[in-house]
Amino acid sequence: TIHVAAPILAGERNIGWVLIGLDTTPAAEHLAVVTQSGLRYMLVAMAAGTLFAWLLARYILRQLSMLLAGVDRLRADRLDQPIPIINQDEIGRVGQALNRAMAALRHSRNEIEREVAERWRAEQDIRYLSQKLIGSSEEERKRIGHDLHDELGQMITSFQFGLQSMAGLLPQDPAQAAQLCGQLATQA
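Note that this is a predicted model, so its numbers are computed, not measured.

Peer 1: Would you mind showing me how to read the pattern of salt bridges here?
Peer 2: Side chains that differ in sign of charge can pair as their charged atoms come close. Within the structure shown, the criterion is met by eight salt bridges. In this structure, R75 engages D72 in a salt bridge whose closest nitrogen and oxygen atoms are separated by 3.2 Å. Separated by three residues within a single helix, R75 and D72 lie in helix α1 (residues 25–75), roughly one turn from each other. Judged by relative accessible area, which is 65%, R75 ranks as exposed. Several salt bridges share partner residues, and in doing so they unite E111, R114 and E118 into one network.

Peer 1: What exactly am I supposed to notice about the pairing of strand β2 (residues 13–22) here?
Peer 2: Sheet faces and side chains relate simply in a regular strand, where the side chains alternate between the two faces. In terms of burial, β2 is largely open, as just one of its 10 residues are buried. Pairing geometry for strand β1 (residues 2–10) and β2, over nine bridges, is antiparallel. Bridge assignment links V4 to a residue of β2, and that residue is I20. Linking two consecutive strands that pair antiparallel, namely β1 and β2, is a turn of two residues; a positive phi of about 75° is found at G11 within it.

Peer 1: Whenever I open this one, unusual backbone geometry confuses me. Can you help?
Peer 2: A negative phi angle is the norm for most residues apart from glycine, just as the trans form is the norm for most peptide bonds. Positive phi, normally seen in glycine, also occurs at D77, with a value near 65°. Of note, D77 is situated in the loop between α1 and α2 (90–172). The class for D77 is partly exposed, based on a relative accessible area of 44%.

Definitions and limits used
Residues numbered from 1 in each chain as written. Predicted model: local features only at pLDDT ≥ 70, side-chain atom pairs only at ≥ 80, totals over all residues. Heavy atoms only, no water. Salt bridge = Lys/Arg side-chain N within 4 Å of Asp/Glu carboxyl O. Helix = DSSP H or I, 4+ residues; strand = E, 2+ residues; numbered from the N terminus. Buried < 20%, exposed > 50% of the residue type's maximum accessible area, 1.4 Å probe, protein only. Pairing = 2+ DSSP bridges.

As structure tokens, this is what we get:
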């Protein structure tokens, strides 16, 4: 119980005293109820805050794990699967940048593979044409060799017959032998 005493003044004169007594039991009971309610609300608020923080961390970590999985795919040179973008926040923008980089790398790789295949085909064509050129060159040499051999053989044989004829004509008809000698010179 709380007791309080206060003078009653009228002007400068004390005309009496006031004594007030107050029982604190109901206030203490009310304070205990308020304290218990406050503790319960605080525990509920802490649980809700913890749950919210856990969900938020899981959400952020999910985005980060997807981003890290995309980086692992990039490191492993698997550029076919883009990083899923959940939000347009900072992590989402990093994911978009990585997706653009992977697309550019994929495009560059496709261009290089196309150029390598084109060059390989060109090399194959060059090899084929070189072999064909060498083969046709050899065939042409053989043909020219045969032609030269045949013509030269015929010419030598013709010279041989001409010379034999000239040798036979020389004692009998020197003019005709001279004419034959001129023809052989022209043929030579």
